[in-house]
Amino acid sequence: MLARMTPLSLTPTFSLLLHRHRRLVHSSSPSFTPVAAAGGALLQDAGATAAVLAGAYCLVLAFETLTEREVIKQNLSRKLVHISSGLLFAISWPIFSTSKEARYFASLVPLVNCLRLVIYGLSLAPDDGLIKSVTREGNPEELLRGPLYYVLILIFCSLVFWRESPVGVITLAMMCAGDGVADIMGRRFGSVKLPYNQQKSWVGSISMFIFGFLISIGYV
Ligand SMILES: Nc1ccn([C@@H]2O[C@H](COP(=O)(O)OP(=O)(O)OP(=O)(O)O)[C@@H](O)[C@H]2O)c(=O)n1
Ligand SMILES: C/C(=C\CO)CCC[C@H](C)CCC[C@H](C)CCCC(C)C
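These numbers were taken from a predicted model, which means no experiment stands behind them. (Residues numbered from 1 in each chain as written. Chains lettered and ligands numbered in written order. Predicted model: local features only at pLDDT ≥ 70, side-chain atom pairs only at ≥ 80, totals over all residues. Heavy atoms only, no water.)

## Digging into the site of ligand 2
Taken together, 16 residues form the shell around ligand 2, and within it Arg78, His82, Ser85, Tyr150 and Leu154 come nearest. Side-chain polar atom of histidine 82 to an oxygen atom of ligand 2: 2.7 Å apart, as the coordinates give it. About the coverage of ligand 2: the protein hides 95% of its 610 Å² of free accessible area. By residue number, the principal contributor to the shell around ligand 2 is helix 3 (residues 74–91), which donates 5 residues. (Near = heavy atom within 4 Å. Polar contact = N/O pair within 3.5 Å; in protein donor to acceptor, adjacent residues only side chain to side chain. Areas by Shrake-Rupley, 256 points an atom, 1.4 Å probe, with all protein chains shown as cover. Helix = DSSP H or I, 4+ residues; strand = E, 2+ residues; numbered from the N terminus.)

Written out as structure tokens, the structure is:
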């Protein structure tokens, strides 16, 4: 089934962006050279990395603030960061250039967040806000489990699959939307548990597949 899917880079949205980008580069510079194009791509990727890094920082900060002001509970904040950060990260991929290096620039965003989690997870520096918004019980060591594995998967998907294969975005859709919604629905309506795992419910598991599938279709 995957083999028959249109590669992400060739879907209408992506090819339109690519076409516009090429037209812009050619029309704005009559003396167009490959060196100028490479410089343009580098600049575009550096700008996109800075913008997505700022977006990631603001997203975590927004949830820190909401949790600190007790607008939402810590557990809900953690799940909402879980659902939104990976999905928004994948949505940001088209703003990177079509160069070979673009995926390395994009993966800098989860890499920086990975370093952040390691630094605060090992308590090398304090960051109560981050701990409140992305952990379950408020222990710094928790940053080194779920959140750290999460950003490692973001790095892996951007480096290995990038926009060339739908496998990366499907993985992210299942991990972010599927797993996140399973938690929210399962806790609320999941009284009937799976026979082989009393921690998971039928409602949670079915919601995971439905939401993961729907978001995957949206991306592909
Ligand atoms: N298939 C699932 C998955 C989750 N849940 C509900 O969601 C809670 C949290 O599940 P999960 O996200 O898998 O576990 P966490 O320990 O929170 O793991 P993570 O760090 O990945 O969020 C479970 O206790 C359960 O109530 C469920 O009912 N059915
Ligand atoms: C709470 C989490 C997992 C546990 O289930 C997720 C932790 C997420 C990180 C702390 C922040 C990750 C940010 C992303 C790399 C980039 C988001 C970019 C976007 C444009 C907002």
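## What to know about the nonpolar core
If you look at the biggest cluster of nonpolar residues, it comprises 41 residues, and the most contacted ones within it are Phe89, Phe96, Leu130, Leu143 and Leu172. For this core, the elements supplying multiple residues, two or more each, are helix 2 (34–68), helix 3, helix 4 (102–121), helix 5 (128–134), helix 6 (146–160) and helix 7 (166–189). Apart from the residues within four sequence positions on either side, leucine 130 is in contact with Val60, Glu64, Arg116, Leu117, Tyr120 and Leu143. (Core = buried A, V, L, I, M, F, W, Y, C linked by side-chain atoms within 4.5 Å. Buried < 20%, exposed > 50% of the residue type's maximum accessible area, 1.4 Å probe, protein only. Contact = heavy atoms within 4.5 Å.)

## Section: the side chain of serine 216
Residue placement: serine 216 occurs in helix 8 (residues 202–219). Its relative accessible area of 8% is what places serine 216 among the buried residues. Dropping the residues within four chain positions of it, serine 216 is found in contact with Ile170 and Ala173.

## Topic: the packing of aromatic side chains
According to the stated counting rule, one finds 4 aromatic pairs in the structure shown. On the numbers, 5.9 Å between centres and 75° between planes, the contact of phenylalanine 96 with tryptophan 162 is edge-to-face. Remark: tryptophan 162 occurs in the loop between helix 6 and helix 7 and phenylalanine 96 occurs in the loop between helix 3 and helix 4; sequence separation between them is 66 residues. There is no split in this pair, since phenylalanine 96 and tryptophan 162 are both buried. Through a chain of ring-to-ring contacts, the aromatic side chains of Phe89, Trp93, Phe96 and Trp162 assemble into a single cluster. (Phe/Tyr/Trp six-rings, centres within 6.5 Å; stacked < 30°, edge-to-face > 60°.)

## Topic: the site of ligand 1
Of all residues adjacent to ligand 1, which total 13 residues, the nearest are Arg78, Lys79, Lys200, Ser201 and Ser205. One of the side-chain nitrogen or oxygen atoms of arginine 136 is found 3.0 Å away from an oxygen atom of ligand 1. In this structure, an oxygen atom belonging to ligand 1 sits 2.6 Å away from a side-chain N or O atom of serine 201. Across the complex, the protein chains shield 75% of the 580 Å² of accessible surface that ligand 1 would expose by itself. Sorting the residues of the shell around ligand 1 by element identifies helix 3, helix 7, strand 2 (197–201) and helix 8 as the ones contributing at least two each. With 5 residues, the single largest contributor to the shell around ligand 1 is helix 7. Broken down by class, the residue content of the shell around ligand 1 amounts to 1 nonpolar, 5 polar and 7 charged. (Nonpolar A, V, L, I, M, F, W, Y, C, P; charged D, E, K, R; others polar.)

## As for the confidence of the model for the protein
Looking at the protein, the pLDDT average stands at 88 and 85% of residues meet or exceed 70. For the protein, helix 1 (residues 12–28) is the element with the lowest average pLDDT, namely 52, and helix 6 is the one with the highest, namely 98. In the model, residues 1–10 has pLDDT below 50 throughout and makes 17 contacts with residues more than four positions away in sequence or in other chains. (pLDDT = per-residue confidence, 0-100.)

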